[in-house]
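Residue-level structural notes
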Amino acid sequence: MKKLLWLCCVLVLVGACTHKDARRDDDINKQFIGKWEGVIETPNGPLPIVVDLQNDSGTLSVPAQGLTNLPLQTISYTDNQVTIAMHINGSAITINGTLKDNQIEATFQQNGGTFPLILTAYQKQSITYEFLKIPVQQGDLTVAVQKASTSPSPVALIIAGSGPTDKDGNSALAGKNNSLKMLAEGLAKKGITTIRYDKRGLGDNQALVTKEEDSTFDQYVDDAVHILQTLLADPAYTGVHVIGHSEGSLIGLLAAQKTGVESFVSIAGAGRPLDEVLLEQLKGQLAPNLINESTNILAALKRGEQVATVSPQLQAVFRPSVQPFLISMLKHHPAAELAKVTGRVLIVQGTTDLQVKEADAEALKQGKQEAQLLYMEGMNHVLKKAPADRAGNLATYADPTRPLHEELLPAIQQFILNGK
């Protein structure tokens, strides 16, 4: 779904501006010219951005939100500092940045708050996959095909988690970790072709959603079904499999039901209904009155009733435009739905996952007793080895250099290729 940009008005990388001569100015500029990328540690979570700096112009992009090349208003340079200004809507933003050791160290200031920002030289993602367009409701869905090292091969559809999470596993909320990109590339090297995609309303498929309130969970399931039907009809593949991560687990198991694929892998998938999981997560963050309001809202949504009045503190979760999506998702009980999947099932759960707990994996197992349940010691929600402490765990969410948990790829490869 399209999200509103948290950055709202003026972006300023502040530094003193003194110019002695044009030649010196040119030398200074050369230090900064080019693309920079970084993550703003906003109150709502990490927000990845890309800044393109030129002599007297530039742009700002937020890839995870589909916002590209927003023009900067002014740029000036001096010594190891740079000043940039832009206007987007109505909130003043200031970033104080200094070039040091080939990166810009900065503080981001907005509405009285100050947050860290590090900009490093932009690393363009290498495209190692092919694109395929699949007809769905409202148009064509663009998917990425990561071909296996051998042919013919089995193929696995990888479905990303909730919110603005793209086909690589990166999100405006979680940061850039490349978890699903690593999973796809790793499986391809192991002889398994993979398909992954930006959900409708995001990235490659942003145009499939024009209004947030028009999106439903059932549409996500239908998109996955269309992809799987296309793969099942292709003789190039020896078998079709599904891998669902987080919310993608529920999408995947519902799509697996409808298509009869050979196997389904759930990674960090909830085993309980959405209302139970949401309330558990919110209880550690909200005051009692807001917990009561959340409980009442969820009860109404579960009955299929929208709620017109929502407190400002709960707008991010229960805003009216997202309620149709929640209503369509709340009608599904993951464990009960898993029981209807006819193919083989592997349930994978990390022991240091901050968002989905071992109780969910156990609940899924209860739904399908013959499913395999595998715990990954020390694996967190973005599939990386991480400590149990919150700060150290969250640090991996925006670290694309950290590899996947070392046991994950071998386990999925073994399950898909050998059935165990």
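Criteria and thresholds
- Here the residue numbering is sequential within each chain, running from 1 through the sequence in written order.
- Totals for whole chains, interfaces and linings use every residue, but because this is a predicted model, local features are given only for residues with pLDDT of at least 70 and side-chain atom pairs only at 80 or more, for both listing and counting.
- The side-chain numbers reported here are obtained from all heavy atoms of the structure, hydrogens and water having been left aside.
- Definition used in this section: a nonpolar core is a set of buried Ala, Val, Leu, Ile, Met, Phe, Trp, Tyr and Cys residues joined via side-chain atoms within 4.5 Å.
- Only protein chains enter the accessibility calculation, which uses a 1.4 Å probe; a residue whose area is less than 20% of its type maximum is buried, one above 50% is exposed, and one in between is partly exposed.
- Only DSSP runs of H or I covering at least 4 residues are called helices, and only runs of E covering at least 2 are called strands; the numbering of each starts at the N terminus.
- Directions drawn from the helix axis to the C-beta atoms are what define this arc.
- For this analysis, residues touch if any pair of their heavy atoms sits within 4.5 Å.
- Salt-bridge detection follows one rule: a side-chain nitrogen of Lys or Arg within 4 Å of a carboxyl oxygen of Asp or Glu.
- Note: two strands are recorded as paired if DSSP finds a minimum of 2 bridges between them.
- Whenever a nitrogen or oxygen atom comes within 3.5 Å of another N or O atom, the pair is scored as a polar contact, on the condition that within protein one atom can donate a hydrogen and the other can accept it, and that pairs from neighbouring residues in sequence are kept only if both atoms are in side chains.
- To estimate the expected span of a helix, subtract one from its residue number and multiply by 1.5 Å.
- Each axis is a line fitted through C-alpha atoms, taken for helices only over the stretch in contact, and angles between the N-to-C directions span 0 to 180 degrees.
- For classification purposes, angles smaller than 35 degrees are called roughly parallel, those larger than 145 roughly antiparallel, those between 65 and 115 roughly perpendicular, and all remaining angles oblique.
- Handedness of each helix crossing follows the sense of rotation of the near helix against the far helix: counterclockwise by less than a right angle gives left-handed, clockwise gives right-handed.
- Lys, Arg, Asp and Glu make up the charged group, whereas Ala, Val, Leu, Ile, Met, Phe, Trp, Tyr, Cys and Pro make up the nonpolar group; the residues left over, Gly among them, are polar.
- Note on aromatic contacts: the rings of Phe and Tyr and the six-membered ring of Trp form a pair at centre separations within 6.5 Å, being stacked when their planes are under 30 degrees apart, edge-to-face when over 60 apart, and tilted otherwise.
- Should the NZ of a Lys or the CZ of an Arg lie within 6 Å of a ring centre and within 35 degrees of the ring normal, that charge is described as sitting over the ring.

Digging into the nonpolar core
Ranked by size, the top nonpolar core spans 56 residues in total, and within it L157, I195, Y197, F217, I227, F318 and L338 carry the most contacts. Per-element tally for this core: the top contributor is helix α3 (residues 217-232), with 8 residues. Grouped together as the second largest cluster of nonpolar side chains are 24 residues, L183, V265, M379 and L409 included.

Considerations on helix α10 (residues 358-367)
Those residues of α10 not exposed but buried are D360, A361, A363 and L364. Mapping the buried residues of α10 onto a view down its axis gives an arc of 160°, with all of them on the same face. As for α10, its buried residues are in contact with β16 (263-267), α5 (274-283), α9 (334-338), β17 (344-350) and β18 (372-376).

Side note on the pattern of salt bridges
Under the counting rule described, the total for this entry stands at 19 salt bridges. Between K167 and D198 there is a salt bridge, with its nearest N and O atoms 3.4 Å apart. Remark: D198 occurs in the loop between β14 (193-197) and α3 and K167 occurs in the loop between β13 (153-159) and α2 (179-189); sequence separation between them is 31 residues. Both residues of the pair, K167 and D198, count as buried. The structure contains a network of salt bridges with shared partners spanning K167, D198 and D204.

Observations concerning the pairing of β13
As a general feature of sheets, a regular strand has side chains that alternate between the two faces. For β13, the tally of buried residues reaches 7 of 7 residues, placing the bulk of the element in the interior. Where β13 lies against strand β15 (residues 237-245), 6 bridges are found, and the strand directions are parallel. Bridge assignment links V155 to a residue of β15, and that residue is V240.

Describing the side chain of D399
Looking at the element boundaries, D399 is found in the loop between α11 (390-394) and α12 (408-418). Side chain to side chain, D399 and T401 meet in a polar contact 2.5 Å long. The residues contacting D399, other than those within four sequence positions of it, are K176, N177 and K384.

With respect to helix α4 (residues 247-259)
Note that an α-helix has 3.6 residues per turn; residues three or four places apart therefore point the same way. Under the 1.5 Å per step criterion, the end-to-end length of α4 is 19 Å for 13 residues, consistent within 8% with the ideal 18 Å. Among the 13 residues that make up α4, 11 are buried, leaving the element largely enclosed by the rest of the structure. When we look at burial in α4, the residues that qualify are E247, G248, S249, L250, I251, G252, L253, L254, A255, A256 and T259. Residues of α4 that are buried make contact with β13, α3, β15, β16, α8 (323-330) and α9. One or two positions beyond α4, positive phi appears at G260, with a value near 65°.

Some remarks on the environment of P235
Topologically, P235 is positioned in the loop between α3 and β15. Under the relative-accessibility criterion, P235 is labelled exposed at 78%. Residues P235 and P152 lie 83 residues apart in sequence; the distance between their C-alpha atoms is 8.9 Å.

Some points on the packing of α3 against α4
The interhelical angle for the contact between α3 and α4, taken along N-to-C directions, is 50°, at an axis separation of 9 Å. Here α3 is positioned oblique relative to α4, judged by the angle of their axes. Where α3 crosses over α4, the two elements pack in a sense that is right-handed. Contact residues: F217, Y220, V221, A224, V225, L228, Q229 and L232 in α3; E247, L250, I251, L254, A255, A256, K258 and T259 in α4. Split into classes, the residues belonging to the contact of α3 with α4 amount to 12 nonpolar, 2 polar and 2 charged.

Digging into unusual backbone geometry
Across the chain, the bulk of peptide bonds are trans and the bulk of non-glycine residues have phi less than zero. With an omega of -5°, the peptide bond between S151 and P152 qualifies as cis. Structurally, P152 can be placed in the loop between β12 (139-146) and β13. The residue D79 is not glycine, and still its phi comes out positive at about 50°. Inspection of the secondary structure assignment puts D79 in the loop between β6 (74-78) and β7 (81-85).

Some remarks on the sheet that holds β12
Taken together, 8 strands build an open sheet; the order of strands is β11-β12-β14-β13-β15-β16-β17-β18 and the sheet is mixed. Of all strands in the sheet, those with a lone pairing partner are β11 (130-136) and β18, marking the two edges. Across the sheet, the mean angle from the axis of one strand to that of its neighbour is 25°, orientation sign disregarded. Sheet topology note: the β17/β18 ladder contains 5 bridges and is parallel. Looking at β18, one finds that G350 is bridged to M376. Relative to β14, α2 is tilted by about 160°, and along the sheet it contacts β12, β13, β14, β15 and β16.

Re the packing of aromatic side chains
In the structure shown here, the tally under the stated rule is 4 aromatic pairs. Geometrically, the ring pair formed by F32 and Y77 is stacked, given 5.3 Å between the ring centres and 25° between the ring planes. Pair noted here: F32 is in helix α1 (residues 22-32) and Y77 is in strand β6, with a separation of 45 residues, a long-range link. A single burial state applies to F32 and to Y77, both of which are buried. Centre to centre, the rings of Y220 and F325 are 5.2 Å apart; their planes meet at 65°, and the pair counts as edge-to-face. A residue pair is termed long-range when its members are at least 10 positions apart, and Y220 in helix α3 and F325 in helix α8 qualify at 105 residues. We note that Y220, like F325, is buried. Ring-pair connections join several aromatic residues into one group, and the members of that group are F217, Y220 and F325. Cation over ring: K35 sits above Y122, and NZ or CZ is 5.1 Å from the ring centre.

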